[in-house]
Each structure stands twice: as C-alpha cells, then as structure tokens.
Amino acid sequence: MRIPLHLLCVAGGLMTLALATTGLAAAAPATGDVHVYQRVNGYNNETRGKLTYQVARVEGDRITVSVTPDNPEAGRQRTEVFTREGNWLAHEVENHGHKVHYEFAEAYPAFVFPLEQGKSWSIRVKATVPDEQRPRSVRVDGKVVGTERVRVPAGEFDTIKVKRTVYPGDHAFMLSETYVMETDWYAPALGRVVRTERDSRFLDLQSCAFARCEARGDWDIYELVESRPAKR
C-alpha cells in the first residue's frame, strides 16, 4: 500500500523513510483496529500500566476510539476522538497536575502536514471542558525537529520528531496557566505516533511563602507495545 506523500515530506523536500522493522505499513483506520501503549513514569522510569486504544467508529474524518487501561495507575476508561491525521477532537489535556477532558471546536493541531524539517506553527483553538460554559482558548506552538530512529516495545521505527508547547487556558485563582511540553515520535510507516513524552508545570502562588512557586504535573511517556489491525 502506498503511503500518502504528505506523510513523507521532510527536510524541505520528499524523502522516503524506510519502513519499520516490524514490516507494518500504514493503512486507513478501520473499526476494530487495536493499538496498545504502555504508560511510563518519567520521573522514575517505572511502568504504570498499559492502555488499549480500540477504534469504535470511523465516520468521515472522525475516528472515535475507546481507551481502556489495564489498571487505575495507567489512566481511566474514556473515549477520545481524532482526525485521520491524528489531531485531537476530544482528548485529555494537562491542567494543574490533573487530566481534564477537552472537546475542541477545531482539531487540536498536534501535526500540521506536510511535516517538513524546521516547520513551525502557533495556532489557537477553542475547546470546552466539563462544568464550564465559557470556552477555553488553547494555544499550540509546534515545530518539526527532524527525523529519528527509535526503539519501543513494538519494534524499531523511523520517525519524524515533533515538539510542542501547549497553553491550555486553565488559569485559576492563585494558579497560573499550565505550561505543557509535548514531544511525539510519528512513524509514517504506521501513520501514528509510536512514542510520546508529556511534561507540565505551573505556578502555584499559594505555595510561594513556603516553597518554590513552580509545581509540576505528571511526566508521562507513552510507547507503542503492539498494533492489531482489524480484519479487512
């Protein structure tokens, strides 16, 4: 199967990336596809558990995914929605050390194709969160760092490395807006991310009299463990 050209644009031109050593090739998402990731605590490198992402529905550009953890430390049961390019329509976002469900009016710009070396973007999108009537303004500053070959439990992959700084619009009394740092390793051969690192911090002005004002949230690392395509 041919990989769409927009997934292979790097270094300012077209360069074909080698397929992953697993031999898997990108395919259009289908109901029943399963992808399993492990969640690792970046502070101590301990595995917290596994998350199973199963495609529940494919409707036009909307991919609805059921997320099931194998234990509470891995996360919580939820539903997420993506575009075919992997940008979020409904997803958890770091807020002051907690994960909050966001629904985006326009797709969260995790990736802006074509992914060319040095490409950058700064885009604001509106989102709603539970129990708030006013929408939040979320700013995403992204940059394509380059290509990198990485090894995860599912195998070794040629990837495009993308870094983002995210401002989720979660200002609160005595708490600054969270500053989220995300790095994705996107594998064109699979059409998906095989590794993610996500770290966050914010200022807690209530604690300044006793300690440093800066507080940190989870430092999460997600790595692909296996992919099981649905029967086509």
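Notes on the structure follow. For clarity, every value in this text was computed on a predicted model and none was experimentally measured.

**Quick word on unusual backbone geometry**
So, step 1. Of the consecutive residues Phe 113 and Pro 114, the connecting peptide bond is found in the cis state with omega at 0°.
So, step 2. Along the chain, the position of Pro 114 falls in the loop between β8 (98-108) and β9 (120-128).
So, step 3. Positioned with a positive phi, Asn 45 is a non-glycine residue whose angle comes to about 65°.
So, step 4. Structurally, Asn 45 can be placed in the loop between β3 (34-41) and β4 (46-59).
So, step 5. By relative accessible area, which is 60% here, Asn 45 ends up exposed.
So, step 6. A positive phi angle, near 65°, is found at Met 174, a position not held by glycine.
So, step 7. On the secondary structure map, Met 174 appears in the loop between β11 (155-167) and β12 (179-187).
So, step 8. Taking the relative accessible area as the measure of exposure, Met 174 reaches 28% and is therefore partly exposed.

**Points about the packing of aromatic side chains**
So, step 1. Within the structure shown, the criterion is met by nine aromatic pairs.
So, step 2. With a centroid separation of 5.8 Å and an interplanar angle of 70°, the aromatic rings of Tyr 167 and Tyr 179 are classed as edge-to-face. Of this pair, Tyr 167 sits in strand β11 while Tyr 179 sits in strand β12; the two residues are 12 residues apart in sequence, bridging distant segments of the chain.
So, step 3. What makes Tyr 179 partly exposed here is its relative accessible area of 32%.
So, step 4. Joined through ring pairs, the aromatic side chains of Trp 88, Tyr 102, Phe 104 and Tyr 108 make up one cluster.
So, step 5. The ring of Phe 111 carries the charged tip of Arg 164 above its face, separated from the ring centre by 5.5 Å.
So, step 6. A cation sits over an aromatic face here: Arg 195 above Trp 185, 5.1 Å from the ring centre.

**Brief notes about the environment of Cys 213**
So, step 1. Residue placement: Cys 213 occurs in the loop between β13 (192-203) and β14 (214-228).
So, step 2. The exposure class assigned to Cys 213 is partly exposed, which follows from its relative accessible area of 25%.
So, step 3. It is 8.2 Å that separates the C-alpha atoms of Cys 213 and Phe 202, two residues lying 11 residues apart in sequence.
So, step 4. For Cys 213, the residues in contact, after removing those within four places along its chain, are Phe 202, Leu 203, Asp 204, Ser 207 and Cys 208.

Calculation notes
- Residues numbered from 1 in each chain as written.
- Predicted model: local features only at pLDDT ≥ 70, side-chain atom pairs only at ≥ 80, totals over all residues.
- Heavy atoms only, no water.
- Helix = DSSP H or I, 4+ residues; strand = E, 2+ residues; numbered from the N terminus.
- Buried < 20%, exposed > 50% of the residue type's maximum accessible area, 1.4 Å probe, protein only.
- Phe/Tyr/Trp six-rings, centres within 6.5 Å; stacked < 30°, edge-to-face > 60°.
- Lys NZ or Arg CZ within 6 Å of the ring centre and 35° of its normal.
- Contact = heavy atoms within 4.5 Å.

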